[in-house]
Each structure stands twice: as structure tokens, then as C-alpha cells.
Amino acid sequence: QVQLVESGGGLVQPGGSLRLSCVAPGSIFSINAMGWYRQAPGKQRELVASISNGGSTNYADSVKGRFTISRDNAKKMTFLQMDSLEPEDTAVYYCNADLKILYYNPVSRYWGQGTQVTVSS
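Residues numbered from 1 in each chain as written. Predicted model: local features only at pLDDT ≥ 70, side-chain atom pairs only at ≥ 80, totals over all residues. Heavy atoms only, no water.

If you walk through the whole model with that rule in mind, you get 3 aromatic pairs. Look at Tyr37 and Trp111: their rings are 5.2 Å apart centre to centre, the planes differ by 65°, and that puts the pair in the edge-to-face class. With Tyr37 in strand E4 (residues 30-39) and Trp111 in strand E10 (residues 108-111), this pair connects stretches of sequence that are 74 residues apart. A residue is classified by how much of its surface remains accessible, and Trp111, at 27% relative accessible area, is partly exposed. An aromatic cluster is built from Phe29, Tyr103 and Tyr104, whose rings are joined through pairwise contacts. The ring of Tyr94 has Arg45 sitting right over it, with the charged end atom 3.8 Å from the ring centre. Between Arg45 and the ring centre of Trp111, over which it is positioned, the NZ or CZ distance is 4.8 Å. (Phe/Tyr/Trp six-rings, centres within 6.5 Å; stacked < 30°, edge-to-face > 60°. Helix = DSSP H or I, 4+ residues; strand = E, 2+ residues; numbered from the N terminus. Buried < 20%, exposed > 50% of the residue type's maximum accessible area, 1.4 Å probe, protein only. Lys NZ or Arg CZ within 6 Å of the ring centre and 35° of its normal.)

Quick look at the structure:
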């Protein structure tokens, strides 16, 4: 089973910044899109941002202009730079990747374990 590994969460004051990182196993054959979702208590998981293997990006309206997604294909990593954080951004953040484990496998979506982001004074 493939497990993506996230890091970079924590406690930050409103207006502050955090940078989340996510890495896929090095043995993965290929990765298509990568993305970040979040889930706040009592709410459904929602898309925050996604990025194609060509670098095209997509953002939720609530984070446009504040968050930036990027990726390093050679390192099989994706990043989420979060600036001007607000209390409403408090959630568990999950990364995902649409990937092939081996060349003959179909593309499947895999997830990380989640990292907590808390924005509070």
C-alpha cells in the first residue's frame, strides 16, 4: 500500500504563514495530478488546491491569492505555501496523488495521513 507522508503543520497566529510538504515513495513509477484537501471538525473534506504534472494549478475560491501549490517532480513532492492564514483555515490537511505504482498498474489515488493546521491567537 502506498502512503504519502505530509509534514509542516502546526499552530500559527492569524496572518501568519506555514508551508506543508508531501512526499510519495521513491519507487513509484509515475505521478499525475497532486493536490491538497482539508477537513475541519464537523465539515466535509474539501479541495484546497491541485496541480497537474505539467504545472497547471487549481484553487478553492477561499484560498485564492493566499495559498500557492507547487511540486518537484524529481523528488516526487508537492508543497502548499499558506500565507495570510485565517482561523477559518484551521483543519486537518491531506495531500493526495494520482499515480501508478508500476508501469502496468492503472492510475489510482492515494492519500497521506493528514497534518493538523491550527490558526489561533
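Per the counting criterion, the structure on display carries 1 disulfide. Paired through a disulfide, Cys22 and Cys95 show a sulfur-sulfur distance of 1.9 Å. With the S-S bond torsion at 45°, the cross-link from Cys22 to Cys95 turns out right-handed. With Cys22 in strand E3 (residues 18-23) and Cys95 in strand E9 (residues 91-100), this pair connects stretches of sequence that are 73 residues apart. (Disulfide = S-S within 2.5 Å.)

With that settled, consider the pattern of salt bridges. The final tally for this structure, using the stated rule, is 6 salt bridges. Ionic pairing is found between Arg38 and Glu46, a salt bridge with its closest N-O pair at 2.7 Å. Glu86 is paired through a salt bridge with Arg66; the nearest N and O atoms lie 3.9 Å apart. Of this pair, Glu86 sits in the loop between strand E8 (77-82) and E9 while Arg66 sits in the loop between strand E6 (57-59) and strand E7 (67-72), and the two are 20 residues apart along the sequence. For Glu86, a relative accessible area of 33% translates into the label partly exposed. (Salt bridge = Lys/Arg side-chain N within 4 Å of Asp/Glu carboxyl O.)

On to the sheet that holds E3. If you walk across this open sheet you meet the 4 strands as E1-E3-E8-E7, and the pairing is antiparallel. Looking at the sheet topology across the chains shown, the edges are occupied by strand E1 (5-7) and E7. Going across the sheet, the axis of each strand differs from the next one's by a mean of 15°, ignoring polarity. (Pairing = 2+ DSSP bridges. Axes fitted to C-alpha atoms, helices over the stretch in contact; angles between N-to-C directions.)

Let us look at the nonpolar core. Within the largest apolar cluster, 31 residues are counted, with the highest numbers of intra-cluster contacts made by Trp36, Leu80, Met82 and Tyr93. For this core, the elements supplying multiple residues, two or more each, are E3, E4, strand E5 (46-51), E7, E8, E9 and strand E11 (115-119). Among all residues touching Met82, those that are not within four sequence positions of it are Gly16, Ser17, Leu18, Leu20, Arg66, Phe67, Tyr93 and Val117. (Core = buried A, V, L, I, M, F, W, Y, C linked by side-chain atoms within 4.5 Å. Contact = heavy atoms within 4.5 Å.)

Here we take up the environment of Gly10. Within the element layout of this structure, Gly10 appears in strand E2 (residues 10-12). What makes Gly10 partly exposed here is its relative accessible area of 24%. Each C-alpha atom, one on Gly10 and one on Gly26, is 26 Å from the other, the two residues being 16 residues apart in sequence. Apart from the residues within four sequence positions on either side, Gly10 is in contact with Leu18, Gln116, Val117 and Thr118.

So far we have only geometry, and geometry alone does not tell us how the molecule works.
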